[in-house]
Structure formats: C-alpha cells, structure tokens
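So the chains spell out like this:
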Amino acid sequence: MDETLEIRPTDITAPVPAHSNATSHSGSDDTDSDDSDSDQQQNLQLQTLELELSTNPSNYDAHIQYIKLLRRMSLIGKLRSARESMRALFPLSPDMWQEWIMDETTLATGPEDFSWIERLYEKGISDYQSVSLWCDYINFVIERDPSVRANSNSGIVKARDLFERAVSAAGLHVMEGNKIWEAYREYEQAILQTVDNADTEARGKQIQHIRSIFHRQLSVPLADSKSTLLAYKAWGVEQGISIDADSTDLDGISPLVASAYQKALQMYIARAPFEEKISGNNVSDSDRLQSFMNYLKFEQSLGDPVRVQNLYERAVVVFPVASELWLDYTRYLDETVKVAGIIKSVYSRATKSCPWVGQLWVKYLISLERGHASEEEISDVFERSMTCTLSSFHEYLDVFLIRIDGLRRRFLTTLEEDCSQRLALLRETFQRAVEYLSPHLKNTDDLLSLHHYWANLELNIGKDLDAARRVWENLIKTSGSMLAVWKGYIAMEVGQGNIYQARSLYKRCYSRKFGETGSEFERQCGTLQDYDHAVEKVAPRLKELRLFKLQQESKSSVVPMDQTISLSKRKLLEKRKPDSDYTDEQPSAKKKRGADQLMKKGDLNNVSRSKKGVESNRGEGKEVSIAQSSAISGQEVTKHTQPKVKSFEDQCTAFISNLSFKANPEDLKEFFKDVGGVKDIRILKDKFTRVSRGLAYVDFCDDDHLAAAIAKNKQTLLGKRISIARSDPKRGKKVSDGQKSTANTGGEKGDDRHGTRSNGSGDDGMQLKGRNTFAVPRNVRPPGFQMTNKRLVSEEEGGAENPKSNDEFRKMFIK
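As the structure is a prediction and not an experimental result, all values here were calculated from the model. (Residues numbered from 1 in each chain as written. Predicted model: local features only at pLDDT ≥ 70, side-chain atom pairs only at ≥ 80, totals over all residues. Heavy atoms only, no water.)

**So, the overall build of the protein**
What counts here: Under the scheme used here, helices are H or I runs from DSSP no shorter than 4 residues and strands are E runs no shorter than 2 residues, and both carry numbers assigned from the N terminus. Per-residue accessibility, obtained with a 1.4 Å probe over protein chains only, is compared with the maximum for each type, and a residue is labelled buried under 20%, exposed over 50%, and partly exposed between these values. Contacts are assigned to residue pairs that have any heavy atoms within 4.5 Å of one another. In this description, accessible areas are obtained by the Shrake-Rupley approach with a 1.4 Å probe, and a residue is regarded as covered only by the protein chains that are shown.
Of the regular secondary structure elements, the protein holds 34 helices and eight strands. For the protein, the residues scored as buried account for 39% of the 815 residues in total. Sequence-distant contacts, at least 24 apart, represent 59% of the contacts inside the protein between residues at least 6 apart. On the protein, roughly 47000 Å² of surface is accessible, and the fraction owed to carbon and sulfur atoms is 50%.

Below, the structure written as structure tokens:
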C-alpha cells in the first residue's frame, strides 16, 4: 500500500497585497466593494465544491476545481489536504505534481522542509513517468541537499543513485532522454573540476566515469545522438585525445563505441516514424492511441522488456483513462516481467485511473496472491474494489469469486487453529456476494454457480451438510423456477448417499412445470414400487406439458382467420378482369332485366348474391366493396355508400428520400440539430438484407419545427442532396382491398407508409367520376382521350366529350 503523506500542521496564508494609496475615497470604496463581491462569490463556490466532494468523493473534475480555487484564495492548509485527498483516489498528473511542489518550495523556510519536498518528488515520479519532473527533482537535490552541495562522499553517492534511477526510468525516452543524460554528464564534470590535479588516481577514476556515461548514452537510440557524438569528441580533445572534434565521422573513436553508436543510430531511424505519429499536433486521440499500440507491438517484437515498459509508461501519461491500454500493459507485465514490486505498482495506478474496469481488479488480486502479499493488503484492495462502480454486475461477481478463490487456497497453508477464522471469513464473503448479486442475477446460471460453489465448500472444507442444504434452500427461494437449481440440489444429496432426501426433492418438483419425470432417479436408486409411483405421479404433469407445447406450436403456425379471409378475397379480386361481369356467357337480356329490377329496389345484397364470383355473404355486417356496389347499381358512389376508413392521428412527421445508404439516426439528428424538436427517427431498411433503402421518417414535436425542417429541403447530407416533405397520413389511402391506387404523392414516390393512399386518384391525379367508370384502366390512358387540367377530355373536340361508360368503352373494342 502506498505510504500516506502527513499533512503539515501549519496553515500558512499568503499575505494579501496592500492596495496602492488612492487619490480619492470613492475609488477606494469601489475597489473594496468589488473585492467584497469577489470574496463572497469565491466563498459560495468553495462551499458548493466542498458539499459535492463530501457526497461524491470520486468526482475527478470537482477535485480539480476545488484545488484551483483554494490555490487562488491562498488557503494553503486546505490546499494541502485537498491535494492529499485527491491523490488517495487518483494518480496526479506530472503538471499537478510540479505545481504542488513549486508551491511548497516557495513556502519552504528551513532545512526541515527539504525532506518534506523530497518525499513529494518521490510520490510524483511514482505516479507517471515524466522527464521534466525527474529533471526538477535532480536540480532540487543538487541545489538544496547540503551533502550534495558539499560534494561529500555520501552526497556524491546519493546524487549518482538518483541519476541512475532517472536514467533507468526515463533515460530511454527517444525524444527527451537526452536531458537526463546531459544533466548526469554535467554533474560528473563539475565533480572533476573539484578534484586536485595532483591526485592523478582520483582524476583518472572521474575521467573514466564520465567516459562511461558518454559511451552508455551513445549506445541508446536518442533523437540528438549526433550532438552527443560531437560533445564526446570535444571532451576527448580536452583530455588530450587527437581527433577531429568538428566532424561527425567515427575516426579516432574506439571500434566498440563506434559499433554501439551505429547500432543505436539504426534503432533510432527505425523508431523515428513511430515517434512522429505519436507526437503529431494534428492527430486525433484515437489515431494517436492506435499509433502507440502499433509502436508497442514493434518494441515487443524486438524482445527488450525495459524498452517496452518505458514506452507503456509514456503511453499511459498521454492516455491515463484508456482501460484497454492498462489491460494490455498489465498483461505484458504478468507474462514477461513477473516482478512483484513492479507489477503491484502498475496495478495500483491502473485501478486508480480506471476504477470501473472489473478485470483490472481481478488481475490485481491475483497478482497480489501470486506475489505472496499479506492478507491485510489483499483485503484492502478487495474492499476498494467494492466501493467502485463497475461496468456490470457480472464484473462484481468475478471480483467476488477471485476473492473467494484466494481464501479457499489459503486453507492449504493455514494452521489448524486458524481454520475456523478462515471459514468464517469465507462464509461472510459468500453471504455478501449473494446479498448484493441476487436481486440482479436472479434465475441466472451465474447465481447458480455461486451457490453451487458455496455448497461444495461447506461440504468439503466446513464438513457441514446442514449448511450446504441451507445454501440450496436459499437459492430455491429466489430462483426455484430453474430446473438446474433442483438438479444441483438433488445431485448433492445423491452424492452424499441421501436417497430419501433426494426423493423428497423430486416430490417437491411434481407441482412445477419441469420436464424431468423423476422416474430415472427411481430406476437407478429405488424399488419397482417407487418407480411405478413416480410414473403415476408425473404422468399427468407430463401430459399437460405436451399439450401446452402443442398449443404453443399451433398458435405460432396457424394463420389468423381474418387474415385468411382477406388473402382469399384479395386473390379473387385480382383474378377478376375489369369487365368480367359483362363477359360471362349467360342469357344477358334476362339477367339484365333481373338486375334492373333489383337495382330499382336498391337491394344490393340480393344483387351481390345473384352475381357469380362477386362476393359471398359470410355473415352479418359484411360490407360490400365500393367498386362492386357501383358496378351493380350503376350509380355514382356517394359518401353514404363508402365504408369507414381507419383514421390516423395527425403527426408532425417529415419524409426523407434520396438519403445516403450510410446514414444512421445520429447523422439525421445532427443534420436537424439547428432545427430542434426531433422526437423519433426511423430509417427504412430492406426486409431481408437489412440494408437502408435511402428513406426515413423524422417525427417532430410540433408544426413549427417540422416547417423549419422542410425548409432544409435539397440540402446535402453525407454527399447527397436529400428531399424533405411533410408526411401526410391521409394521402394515398387504400379504400378497399379490391381498389388499389398507384398514385405517388408529395414527392414521396409511393413509399410513405406512414400515411395512406388517396381515393380514386390515378398516376396523373385524375378523378374518375360518372356512370360505371370504375373499370377504366388506371395506368393506361383510354384511347381517344388526353389529359387537360388533370382530367380526361376528347382529343377531337378538345374535351367536349365526357368519359365513356364501361358499356361504351367495351363497344369501342367490339367495333
């Protein structure tokens, strides 16, 4: 567990700057008034943030705002507490650490403050990798540590240890690692200047130490390696080596160093494209994250764990809440590094950065157990996970199970006197899991597995059959409708040799709709009489189940009666020709006289019964289609003879056509964002392929928003100019099954299924009126007629002739 920093007791408040001498009293009053208003506003904001953090401590943004406000108000005591509280929950960014340390350094008054600030630096470099924070730490120690400033042996050792830690942590940073190496060389060269020239041995050791740092730096692929080579040659000239200091060639350098430099240069060239992609300014976060992942795969393929870990640390600084990155990082450490200290540190930061990821907590608990952590440490991590909001209840189940697994395994190494305490803790964990998960995982296999696990441990570890039975009985109370629950309970009793208890459980199942008969159990475990009794008891129940299944299957396969009638009627009307009533071979004169008499009486039902193939009378209240009734009566259809049409509520709906096939509801929502008022979006798709048809409906809350949406007609969406029109529910209505309209209205091309088709309108919008005109072909213009002002007129007399009846129309073809 991370060490908690103590809070310094001093509550230092920065002095408020004194106002300059005002030339008038009014100016001073105005300034005081403004300051008073500002103070009141800040105090109010401070109280609001404190209330928010007291109720929701995991609000990251509230912590940030609270710290900024306290820093602006110079409340140093509260500021320290706020920063420490935030760090207990989240890792702080390098910038936040530098700001915190800068504030403390400014307030430092004596040597006692040095250790406090040094501990802050240690905490800062443990959260995230930062070259700049390491450089600040090194400079602080060199400038403020008395032993380092005095170049004492202990001070030199301390400084060198700090430099070596910095080189290991961030010296491999391709773009910024040079800063640490150069600081290291400068420190060692400063020590060389303090060594007495007469002490040749000491000077020789120091020179060799500096040369070693140069050689190590030249063997690392860094961005400015050529400058390092020039600096090395210049330093060699100072030491009396005859080489060309201004040339970047390798003349005068030992072959070993030259070979290492050439290899590092090739390594840098191979990494330069990756570095360019992850550091680009005009790159989106998703692209940059993918570039990091590609870079990591490249480094992993080379097999250098140190470089891979260094790159992971760079990535999590840029993407601290990318859960997939942390999961990949920890997976690599578990499989490759396998160092308990390093893995525990990374998991601690990962769970703080992404506390909602249950898999991270699961892997964290396993790594602690693998690293032989104490029970207190594992328990603390488990309790932390329970306070987090995980993504799903299945993730909570995984965490509970991992905790239970660890407790079970500890029984293998637990002394006899501690077993009862371990068993009590195990039962308590199971009970917590059941109480928390049962309401959410009711009647699921996951909850069954948890109880099955618990019952087995009660038998195998606790040696308590009654406790195991209580586990199953509690599960039956919540998930007794699952057959698997009863089978698991019965299997436990059979496994313990308790045949009587197993039989009693089967008897309790008889009243439930289960497919298990129980006869299999009696055949294997009971007498013949027991078997006959079981078959007798369960036979009625099985019969009911079979009948129930047959009923369900028949309901799913049988077509409703009204739908069957409608289909047969539609097929009959489609087979009939427009003039089929007049072309049947029969005594036409006699039939005509009978029909005329019936029409005079207005008995449409008798006429419909006398007409063969028109429509059979299938019960009271059966309505006669408008087309058939008008054909028989020879009269114009009136409002009284029209059947009632199903009415639709007026909706403020826009019909969208010529839509891109790639468009989705979010695209349409963004397109109408300036309009507003969008209630629902429906994109029409093909029935079989589920591919968009390029059509959509958009419901708006009122007519004003709909009118604004229609005003965007012919604008471009995803590269296509879309058409927008009001969807009219009354347009294109089907009046009857035998009368179909093919009109395309409102520019919607006949696909406005939200509305209905218009009555009596053809493709050209003509109104068919007059005596017996129902059988005029609708898609074909009658010979001798043309369209004038959306109605049929004679071509010879310019429309003087009225539309012909069916008799006249038929005689034209007979002639």
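**Quick look at the nonpolar core**
Definition in use: The term nonpolar core refers to a set of buried residues drawn from Ala, Val, Leu, Ile, Met, Phe, Trp, Tyr and Cys, joined through side-chain atoms within 4.5 Å.
Among the nonpolar cores identified, the biggest contains 79 residues, and Leu325, Trp326, Val399, Leu426, Phe430, Leu450 and Trp472 are the most heavily contacted of them. For this core, the leading source of residues is helix α21 (residues 445–460), giving eight residues. Apart from residues lying up to four places away in sequence, Trp472 is in contact with Leu448, His452, Ala455, Val485, Gly488, Tyr489 and Met492. Core analysis: the next-biggest nonpolar cluster, separate from the first, contains 51 residues, Ile64, Ala82, Trp134 and Phe163 among them.

**What about the packing of aromatic side chains?**
Definition in use: Classification of ring pairs rests on two measures: the distance between centres of Phe, Tyr or Trp rings, Trp counted by its six-membered ring, which must be within 6.5 Å, and the angle between planes, read as stacked under 30 degrees, edge-to-face over 60 and tilted in between. Throughout this description, the term charge over a ring refers to an Arg CZ or Lys NZ atom that lies within 6 Å of the ring centre and within 35 degrees of the ring normal.
Tallying each qualifying case throughout the model produces 29 aromatic pairs. Consider the rings of Phe214 and Tyr232, whose centres lie 5.2 Å apart with planes at 45°: the pair is tilted. Remark: Tyr232 occurs in helix α11 (residues 225–238) and Phe214 occurs in helix α10 (residues 200–218); sequence separation between them is 18 residues. On the accessibility criterion, Phe214 (1% relative accessible area) is buried. Taken together, a centroid distance of 6.2 Å and an interplanar angle of 40° make the contact between Phe393 and Tyr396 tilted. Of the two residues, Phe393 and Tyr396 both sit in helix α19 (residues 393–410), three residues apart, roughly one turn of that helix. Since its relative accessible area comes to 6%, Tyr396 is described here as buried. Of the aromatic side chains, those joined through ring pairs into one cluster are Phe114, Tyr121, Trp134, Tyr137 and Phe140. A cation over a ring is seen here: Lys712 above Phe671, with NZ or CZ 4.4 Å from the ring centre. The aromatic ring of Phe661 is capped on one face by Lys720, whose charged end is 5.6 Å from the ring centroid.

**Regarding the packing of α10 against α11**
The line we're drawing: Here an axis means a line fitted to C-alpha atoms, over the contact stretch when the element is a helix, while the angle between two N-to-C directions is reported on a 0 to 180 degree scale. The cut-offs work like this: below 35 degrees is roughly parallel, past 145 is roughly antiparallel, 65 to 115 is roughly perpendicular, and the gaps in between are oblique. It is the rotation of the near helix from the far one that decides the hand of a crossing: anticlockwise by less than a right angle makes it left-handed, clockwise makes it right-handed.
Where α10 contacts α11, the axes come no closer than 10 Å and their chain directions differ by 160°. When the axis of α10 is compared with that of α11, the two are roughly antiparallel. Between α10 and α11 the crossing geometry is left-handed. Seen from α10, the contacting residues are Ile207, Ile210, Arg211, Phe214, His215, Gln217 and Leu218; seen from α11, they are Ser225, Thr228, Leu229, Ala231, Tyr232 and Trp235.

**Topic: the side chain of Glu118**
Note the cut-off: Here a polar contact is recorded for every N or O atom pair within 3.5 Å, except that within protein the pair must consist of a potential hydrogen donor and a potential acceptor, and residues adjacent in sequence are included only if both atoms are side-chain atoms.
Summarising the element assignment, Glu118 is placed in helix α5 (residues 112–127). Within the structure, the side chain of Glu118 is placed 3.2 Å from the side chain of Lys158, a separation counted as a polar contact. When near neighbours in sequence (up to four residues on either side) are disregarded, Glu118 contacts Tyr137, Phe140, Val141 and Lys158.

**A look at the pattern of salt bridges**
Quick reminder of the rule: In what follows, salt bridge is the name for a side-chain nitrogen of Lys or Arg lying within 4 Å of a carboxyl oxygen of Asp or Glu.
Using the criterion set out here, one finds 34 salt bridges in the structure. Residues Glu275 and Arg314 are paired through a salt bridge, measuring 2.9 Å at the closest nitrogen-oxygen approach. Here Arg314 lies in helix α14 (residues 305–318) and Glu275 lies in helix α12 (residues 255–278), a separation of 39 residues in the sequence. The two residues Glu275 and Arg314 agree in class, both being buried. A salt bridge links Glu383 to Arg432; the shortest N-O distance between them is 2.9 Å. With Glu383 in helix α18 (residues 375–386) and Arg432 in helix α20 (residues 419–437), this residue pair connects regions lying 49 residues apart in the sequence. By relative accessible area, which is 35% here, Glu383 ends up partly exposed. Here the residues in one salt-bridge network are Arg71, Arg83, Glu99 and Asp103, joined through shared partners.

**Notes on the sheet that holds strand β6 (residues 723–726)**
Stated formally: DSSP-based pairing: two strands are paired if at least 2 bridges between them are found.
As summarised here, the arrangement of the four strands in space is β2-β3-β1-β6, forming an open sheet in which the pairing is antiparallel. Bordering the open sheet on either side are β2 (678–685) and β6, each of which pairs with just one other strand. Each strand of the sheet is rotated relative to its neighbour by a mean of 20°, with strand direction disregarded. Where helix α33 (residues 703–710) meets the sheet, it contacts β1 (653–657), β3 (692–700) and β6, and its direction lies at approximately 150° from that of β6.

**Some thoughts on the pairing of β2**
Sheet analysis places β2 next to β3, joined by six bridges and oriented antiparallel. By the bridge assignment, Ile681 is partnered in β3 with Val698.

**Looking at the side chain of His451**
Mapped onto the fold, His451 is located in helix α21. Among the polar contacts made by the side chain of His451, one reaches the main-chain carbonyl oxygen of Leu447 at a distance of 2.9 Å. Once residues lying within four places of it in the same chain are set aside, the contact partners of His451 are Val434, Val471 and Leu475.

**What about the pairing of β1?**
Of all five residues that make up β1, five are buried, and the element is covered over most of its length. A two-sided burial pattern is seen for β1, the buried positions comprising Thr653, Phe655 and Ser657 on one face and Ala654 and Ile656 on the other. Relative to β3, β1 is paired through four bridges, and the arrangement is antiparallel. Across the sheet, residue Phe655 finds its bridge partner in β3, namely Tyr697. The pairing of β1 with β6 spans four bridges and is antiparallel. Counted as the bridge partner of Ser657 is Ser723 from β6.

**Re the confidence of the model for the protein**
For the record, the criterion: One number per residue, pLDDT, summarises how confident the predictor is, and it ranges from 0 to 100.
Per-residue confidence for the protein averages 77 on the pLDDT scale, and 67% of its residues sit at or above 70. Across residues 1–27 the pLDDT falls below 50, and counting only partners more than four positions away or on other chains, this stretch makes 38 contacts in the model.

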